[in-house]
Each structure stands twice: as structure tokens, then as C-alpha cells.
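# Fold and geometry: a report
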Amino acid sequence: MKTITFDWSACGIPEAQIQTLLKQTEPEFARIQKAATTGYEDARASLNLAQDKIMLHNVRAMVAEKKRLKPNALLHIGIGGSNLGVIAIQEALLGRVLPKGMHILYADTVDSPSTSRIAAALEARLRRGEKIIIHLVSKSGSTTESIANFAFYVRLLKRYDKHYQSSIVITSDDDSKLTEYAHKQGYSCLSIPGKVGGRYSALSPVGLFPLGLLGIRIDELLAGAAHMRNLCLKSLDNPAARSAIFQHAQDMQGKVISDLFLFSSDLESLGKWYRQMLAESIGKEHDTSGKKVNVGITPTVSIGSTDLHSIGQLFLGGPKDEITTFVHVLKQKPAISIPKDTALEQLVPHATGKNMQVIMDAIYGGVMIAFKQHERPYVQVHLPEISAHVLGQFMQWKMIEIMYLGALFNVNPYDQPNVEAYKTETKKILAQG
Ligand code: PA5
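Anyway, here's the lowdown on the structure attached to this text.

Definitions and cut-offs
Residues numbered from 1 in each chain as written. Predicted model: local features only at pLDDT ≥ 70, side-chain atom pairs only at ≥ 80, totals over all residues. Heavy atoms only, no water. Pairing = 2+ DSSP bridges. Helix = DSSP H or I, 4+ residues; strand = E, 2+ residues; numbered from the N terminus. Buried < 20%, exposed > 50% of the residue type's maximum accessible area, 1.4 Å probe, protein only. Contact = heavy atoms within 4.5 Å. Core = buried A, V, L, I, M, F, W, Y, C linked by side-chain atoms within 4.5 Å. Domains from an automatic or database assignment. Expected span 1.5 Å × (residues − 1). Arc of directions from axis to C-beta. Axes fitted to C-alpha atoms, helices over the stretch in contact; angles between N-to-C directions. Disulfide = S-S within 2.5 Å. Parallel < 35°, antiparallel > 145°, perpendicular 65-115°, else oblique. Left-handed = near helix turned anticlockwise from the far one by under 90°. Nonpolar A, V, L, I, M, F, W, Y, C, P; charged D, E, K, R; others polar.

## What to know about the pairing of strand β9 (residues 292-295)
- Where strand β8 (residues 284-286) and β9 come together, 2 bridges link them in antiparallel fashion. Within β9, the residue paired with K284 across the bridge is V295.
- Turn length for the β8-β9 hairpin, with the two strands adjacent in sequence and antiparallel, is 5 residues, and the turn residue G290 shows positive phi of about 95°.

See the structure below:
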């Protein structure tokens, strides 16, 4: 099995101190272990998705049912935790532009220019008699953007598809009003289990249904997540606890920015998925006792080598308020060789006649040395390859890391009360006409 490996040697915290801090994570380690035995009743419920065979069976049955309609495009409607994980996995495994097979489009915000472009693309397909599946995801069932988008696109579907109900799948909480509505309309439903919260739901039907429809090995995603889950449950000294300790201890030293620097363009949306995980889970006004604390780590996302030419100068020369988690892919596919060109070699020696990965690895190695020379703390995460299994490992690692971070900052990493404030105020403004 190909597994992620970690290198903590440049994290800026001596190993003896890491061992002491690990002991302090014991209570959360115990809570995580307990949650792993209690199904979906604990807020850490996302831990248990990886081994839920019934959920996988239900999703596969829905994928098979909708495939029988022979669709060639899928519109995924949802925002925040309801779509970031899907985009992350799709782009990592299939790239941003799908060359062939099923197409997927996303509707998250209510932005007129992009909505009209998506609608035009869908309408062209519908006019040609093609089938389109709409997947609406909302855990609460009450997010303004998602419901508004759904109303808009269902009207479009109805115009061309007499049997449009069979082309709609709604994924929500079993007890939401949206699920009740979906049943009444005769739409297919999938459920987001119990206390699995929005941003922890990528490995639930939220992500598994659309990704399964795209032909991605969802069983492999879950197998990867199960591997990481078991690794983190086995020992107090595990990669999720270490990563949380790294970020928390450095934040206490004034390093309030945490950059996820991914050396693969296809992983940019994975970075954005994690940006939400860290920002929404740890950025809190109050701690668990209700005391006003205004804590948080500011997550940023960078892509190597592209962003070395934009953000690199700041990270190496600017204020020492930032830490980095580098993600390096050991084997990028396909292998691409650059032809030897002696004239171009005069401009940049050694830049031609090599495999592209050799150049990327040299740049990556150079960055590691430069960060060390400039005393910028970092952790290295080596992905053996980009596959469903490895992505499952990565996402489960980060979800468990956030659980530890919640405990270290003494905040609730499962709610987002200040986001709810904007949602409530928006509804009041809309009610005024
Ligand atoms: O993590 C969360 O809970 C949020 O980011 C939600 O996913 C987001 O606000 C969308 O909410 P819902 O799925 O209820 O429409």
C-alpha cells in the first residue's frame, strides 16, 4: 500500500518538546478513540465514514440508478463544506477540465455572469437531448445560495426533460425540511449521517455520489481514509496530533499564518478545502466556556513552483509570522521529458534534456534549503502519488488534525456561529422585499 510520509525535522519545535506536548493531547486522543466506537453521535462523527459499508452500498446503488439514465453531465449545487471537498478530489484526480466522459459543473454562489455561462452550457446539452443530473447538497437545507440556485436550474431542467424528477438527487440531513420537501417532490435522496458537519462531509454521500458518478474509485478514497484513521487511533504519537501541535505551538510564538504549499497544480482546490477546514473550525470569537478569545490561524494556499514567483519573497524575507506545510508528490504522472537543446542551455544551464519531475524536485529541494537557511519552520508531507487512496489518507489526516486543534485552542471546531450570523441577516434583508 502506498502511504503518505511525514518529515517533522524542520518544524522548529525540538523533539523532546513535541513529546511533552503530545502528552497534553491525551484527553483529546481518548475522546477521538471513544468517538470511533459511537457511530455518528459524537461531533467527531466524520471518523466513522470510512468504514460505513451501508453508506457506501447506498451511494453505489444511487450511482448505478442514475447511470442507467445515461447522463453525460452533472450539476453539483452546494457551497462551503457542501462542495469544496468534491472539487478538491475531482481536480486532483481528473484535472480541472475533464477531457472526456461525464462533465461536472458547480453552482455555489449567486453570481450572474458565471450562472449564465453554466446555464448556457447546460441548455446546449439539454437541447441536444442529453441527460443532466442535478445534485443539490445542503446539510441544513436552508442555505440561501443553494436553494436559490436549485430553483433556477430546476426550472431549466423542467423545460427540456419531461421526466426531470428522476434526474435530481438531494443530499441533506434526514431531519431537514429539504429532505421532507425532496420526498414530497419525488426526488431521490441521500443522507448526511448524524453529526457529520458540512466541512467534514467530503467522504459522505456529499462527495461520494458525484465522484462515483464521475467514475472515481470511492471505495479507494474510503480505504485511504480508513488507513489514516487507524494510524491515528493506534498511538498518541500520530501525524494528526503532531501537525496540530506544530501549528498551535508556532501560533503561540506569533506565527499566526499557516500556509499549505502544494507542489502540484492539480492540488490547489485541496488546499482550498483545507483552508475552510482550518479557518472555519479554529477561527472563533469564544472558547468552549463562552469566554471571548478571538483566536484563529490564518490559512493560506500556495502552489509550487508557480507561487514561488509571487509569495516566495514574502515568506523568505518578510515578517516571521508564518509556518508552512509543504506537500510534495514523489511520482507525478505522466512522466514528461524535456528535449535537450544546446542553444537554450546557454540561457539556463541544465534546464533541458531532463525529466520534468527532476526539475520540479530540484526546485523543491532548493526551497527546503532556503526555508531552513532563513529559519522558517516547516513540515514536509510526501505523497507517493496522487490517487484516490492517498487523497483519502490526506483528508482524514487533516480532519483529525482539526479535532486536535480544537482541543488545543479550547474552541468548538464543529460550529461556525459567526457564519450563521451573516446567513440570518441575509434572510432578514431578503424578507424586506
Ligand atoms: O462547514 C459547514 O458547516 C459550512 O461550511 C457549510 O458546509 C456551508 O455553510 C453550507 O451549509 P449547508 O450544507 O447547510 O448548505
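Structure's up, so let's keep going.
## Quick look at the side chain of T171
- Here T171 is to be found in strand β5 (residues 168-172).
- Judged by its relative accessible area of 0%, T171 falls in the buried class.
- Setting aside residues up to four positions removed in sequence, T171 forms contacts with H135, L136, V137, S138, L190, I192, P205 and V206.

## Overview of the nonpolar core
- One finds F209, L221, L267, W273, V381, L383 and F394 to be the most contacted residues of the largest nonpolar core, which totals 94 residues.
- The element contributing the most residues to this core is helix α15 (residues 388-409), with 13 residues.
- For this core, the two domains that each supply at least three residues are domain 1 (5-35 + 221-418) and domain 2 (45-216).
- Those residues in contact with L383 that lie beyond four places of it in its chain are I4, L267, V327, H328, V329, L330, K331, V390 and F394.
- In this structure, I118, L122, L126 and I132 belong to the second largest nonpolar core, which totals 22 residues.

## Brief notes about helix α3 (residues 53-67)
- If you check α3, its first and last C-alpha atoms are 21 Å apart, about what 15 residues at 1.5 Å a residue would give, namely 21 Å.
- Listing the buried residues of α3 in full gives M55, L56, V59, M62, V63 and K66. Take α3 and look down its axis: the buried residues cluster within an arc of 130°, on one side only. Turned more than 90 degrees from where α3 packs its buried face, K53, I54 and H57 sit exposed.
- On its buried face, α3 is in contact with β2 (71-77), β4 (131-138), β5, β6 (188-191), α8 (205-213) and α9 (218-234).

## A few points about the sheet that holds strand β3 (residues 103-107)
- Taken together, 5 strands build an open sheet; the order of strands is β3-β2-β4-β5-β6 and the sheet is parallel. The sheet is open, and its two edges are formed by β3 and β6, each paired on a single side. Each strand axis lies, on average, 20° off the axis of its neighbour in the sheet, ignoring direction.
- Where β4 and β5 come together, 5 bridges link them in parallel fashion. If you follow I134 over to β5, its bridge partner there is I168.
- Sitting on the sheet, α3 is in contact with β2, β4, β5 and β6, with an inclination near 155° to β6.
- Helix α4 (residues 84-94) contacts β2 and β3 of the sheet and is inclined by roughly 150° relative to β3.

## Focus on the state of the cysteines
- One pass over the structure, following the stated rule, counts 0 disulfides.
- The thiol of C11 is not disulfide-bonded; the next cysteine sulfur, from C232, is found 17 Å away.

## Let's talk about the sheet that holds strand β7 (residues 257-262)
- Here 5 strands make up an open sheet; going across it, the order is β1-β12-β11-β7-β10 and the pairing mixed. This sheet does not close on itself; its edge strands, each paired only once, are β1 (5-7) and β10 (298-303). In this sheet, neighbouring strand axes are inclined to one another by 20° on average, regardless of whether the strands run parallel or antiparallel.
- As paired elements, β1 and strand β12 (residues 378-383) share 3 bridges and run antiparallel to each other. Counted as the bridge partner of D7 is Q380 from β12.
- The sheet contacts of helix α11 (residues 268-282) involve β7 and β10, and relative to β10 the element is tilted by about 175°.

## With respect to the packing of helix α2 (residues 26-35) against α15
- Axis separation between α2 and α15 bottoms out at 9 Å; the angle between their running directions is 135°. By the angle between their directions, the pair α2 and α15 is classed as oblique. In terms of crossing hand, the pair formed by α2 and α15 is right-handed. For the pair α2 and α15, contact is made by E28, F29, R31 and I32 and by I400, M403, Y404 and A407, respectively.
- Split into classes, the residues belonging to the contact of α2 with α15 amount to 6 nonpolar, no polar and 2 charged.

## Focus on unusual backbone geometry
- The peptide bond linking G304 to S305 adopts the cis configuration, its omega dihedral lying at 0°.
- Within the fold, S305 resides in the loop between β10 and α12 (312-317).
- Residue P334 is reached from K333 by a cis peptide bond, and omega for that bond is -5°.
- Its location among the elements puts P334 in the loop between β11 (322-329) and α13 (342-347).
- Its identity as a non-glycine residue notwithstanding, K70 has a phi of 55°, on the positive side.
- Residue position: K70 is located in the loop between α3 and β2.
- Residue H350 is not a glycine yet carries a positive backbone phi of 70°.
- Looking at where H350 falls in the secondary structure, it is placed in the loop between α13 and α14 (356-373).
- On the basis of relative accessible area, H350 is assigned to the exposed category, the value being 59%.

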